[in-house]
Amino acid sequence: MTSAGDYPWLQSTRQKLVGDRRELHHCLFLAGGPAIGKAMLALEFAAQLLCEDSGTEGPCKKCRACHLLCSSLHPDFHVLMPEFLTESSDPILESHAQRYLEPARTGQKRKPSEQISIDSARALSEALLTTVRPGGRKVVLIVGADTMNRNTANAMLKVLEEPTEGTRFILVSSYPYRLPATIHSRCIRLDCRAPSQDETIRWLQSRHGASPNDLIGLAKSGLGPMDLDEIIREDRAAMVQDLIRCCENPSGKAASPLFLSSLCAQIGTRQALSILQSTALDAVRQSLQGPPEGAQQPRSLFADQNLAFEAFYRLGAARERVNGQVDEQLCLEDICAWLSADRHYSQSRP
Ligand SMILES: [Zn+2]
């Protein structure tokens, strides 16, 4: 099992969870930016709670409970998460989550579910009632807790309000504002800090040995370190650099919506839209602060402040649509056509 101790920016939060032996509230809520390692921190804390010989350094990794957890067989570790998140999750989380996911029918091809279903919440509720061991502790980890719809959240609220004996809950979300206030009110929230660009560069360098200059562009993408780590491992770093260059200096083939949408599709729709939206937000921030003295007007996809504002909202809406049932490719082509068209418009203005 990977230790959250490998993520320097999470140390202060980890210390509160793993290092501090105080009994914390029965329901914890870990919030923080996407792809910064919150789920790994939650997994390590869950392992600590279940471990039969845990210390201030975390789970012992030797006892029967640790062995069961690492073998993905622990009966008292319950994981809920939307199916689409399992693809990029730690294998321990993914295998424990399978217990509550709707199995795909033989030969059926479907888009992985974007939500935690009410059926999953009901199945969890029943499992918690039927798997009682005297004195035993159960841990429920809900990753992507914001993907519970209203019905699922209501079903989960009942479970949180009347927890079975010895049950601890850990909720994890990158978008805490989407959780109902009723769920918030049942939890103690701990915020996880996102790394600075310099921290991200140092961490990626220690893992991949790349030169800092190669990593500066990636760190500017606005993606979390876990996403960037995956992008480097899967050899998609050059494409991300290309997309950032398209944003900074759109010209030639970069002006083509087809080129833009094709590049985004190769990077991965969700991550590409996130990069574009983060770049638009940076442009808005810079325009509000004003350019440094003597600096030339930047030539970028979002040089125009009004366009940058509108692009930020449109890209946010596109990210929401991609999370629904729409065709990802169509959604991508639509937003790339708009970005390219509006860029020509802003550049042609006096
Ligand atoms: Zn142990």
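These figures come from a predicted structure and were not determined experimentally.

Within the chain, S72 stands out as a residue other than glycine whose phi angle is a positive 65°. Looking at where S72 falls in the secondary structure, it is placed in the loop between helix 3 (64-70) and strand 2 (77-80). The phi dihedral of D235 is positive, around 60°, even though this residue is not glycine. Looking at the secondary structure, you find D235 in the loop between helix 11 (225-233) and helix 12 (237-248). Residue class for D235 comes out exposed when judged on the 8 C-beta atoms lying within 10 Å of it.

In this section: the packing of helix 9 (residues 197-208) against helix 11. Closest axis-to-axis distance for the helix 9/helix 11 pair is 11 Å, and the angle between their directions is 35°. Pair helix 9 / helix 11 crosses with right-handed handedness. In this structure, helix 9 uses T200, W203, L204, R207 and H208 to contact helix 11, whose residues at the interface are P225, L228, D229 and I232.

Chain-level pLDDT for the protein chain is 85 on average; 87% of the residues reach the 70-or-more range. Low confidence marks residues 345-350, where pLDDT is under 50. Its contacts with residues over four positions away, or in another chain, come to 3 contacts.

With their axes 8 Å apart at the nearest point, helix 6 (residues 118-130) and helix 7 (residues 150-161) run at an angle of 15° to one another. Compared by their axis directions, helix 6 and helix 7 come out roughly parallel. Between helix 6 and helix 7 lies a crossing whose hand is left-handed. Contacts between helix 6 and helix 7 involve I118, A121, R122, L124, S125 and L128 on the former and, on the latter, N151, T152, A155, M156 and V159. For the contact of helix 6 with helix 7, the class distribution of residues is 7 nonpolar, 3 polar and 1 charged.

This part covers the nonpolar core. Core analysis: the largest hydrophobic core is formed by 93 residues, its most contacted members being L30, A42, A46, L141 and I170. When residues in this core are grouped by element, the largest group, 10 residues, is from helix 2 (residues 38-50). Shared between two domains, this core takes at least three residues from each, and those domains are domain 1 (4-191) and domain 2 (236-348). Those residues within four positions of I170 in sequence are excluded, and the remaining contacts are L28, L30, A42, F45, A46, V139 and L141.

Here the focus is helix 14 (residues 269-289). With 21 residues, helix 14 extends 30 Å from end C-alpha to end C-alpha; this agrees with the ideal 30 Å at 1.5 Å per step. Among the residues making up helix 14, those that are buried are Q271, A272, L273, S274, I275, L276, Q277, T279, A280 and A283. Residues of helix 14 that are buried make contact with helix 11, helix 12, helix 13 (257-267) and helix 15 (305-322). Once helix 14 ends, the next one or two residues include G290, with phi positive near 85°.

The parallel open sheet is built from 5 strands, whose spatial order is 2-3-4-1-5. Of all strands in the sheet, those with a lone pairing partner are strand 2 and strand 5 (188-191), marking the two edges. Averaged over all pairs of adjacent strands, the angle between their axes in this sheet comes to 20°, without regard to strand direction. The pairing of strand 2 with strand 3 (residues 138-143) spans 4 bridges and is parallel. Counterpart to L80 in the pairing with strand 3 is I142.

Before going further, it helps to spend a moment on the environment of A127. Relative to the helices and strands, A127 resides in helix 6. Judged by the 17 C-beta atoms lying within 10 Å of it, A127 falls in the partly exposed class. Residues A127 and H78, 49 residues apart in the sequence, show an inter-C-alpha distance of 8.9 Å.

Rules and cut-offs
Residues numbered from 1 in each chain as written. Predicted model: local features only at pLDDT ≥ 70, side-chain atom pairs only at ≥ 80, totals over all residues. Helix = DSSP H or I, 4+ residues; strand = E, 2+ residues; numbered from the N terminus. Buried ≥ 20, exposed ≤ 12 C-beta atoms within 10 Å, placed from the backbone. Axes fitted to C-alpha atoms, helices over the stretch in contact; angles between N-to-C directions. Left-handed = near helix turned anticlockwise from the far one by under 90°. Contact = placed C-beta atoms within 7 Å. pLDDT = per-residue confidence, 0-100. Parallel < 35°, antiparallel > 145°, perpendicular 65-115°, else oblique. Nonpolar A, V, L, I, M, F, W, Y, C, P; charged D, E, K, R; others polar. Core = buried A, V, L, I, M, F, W, Y, C linked by C-beta atoms within 7 Å. Domains from an automatic or database assignment. Expected span 1.5 Å × (residues − 1). Pairing = 2+ DSSP bridges.

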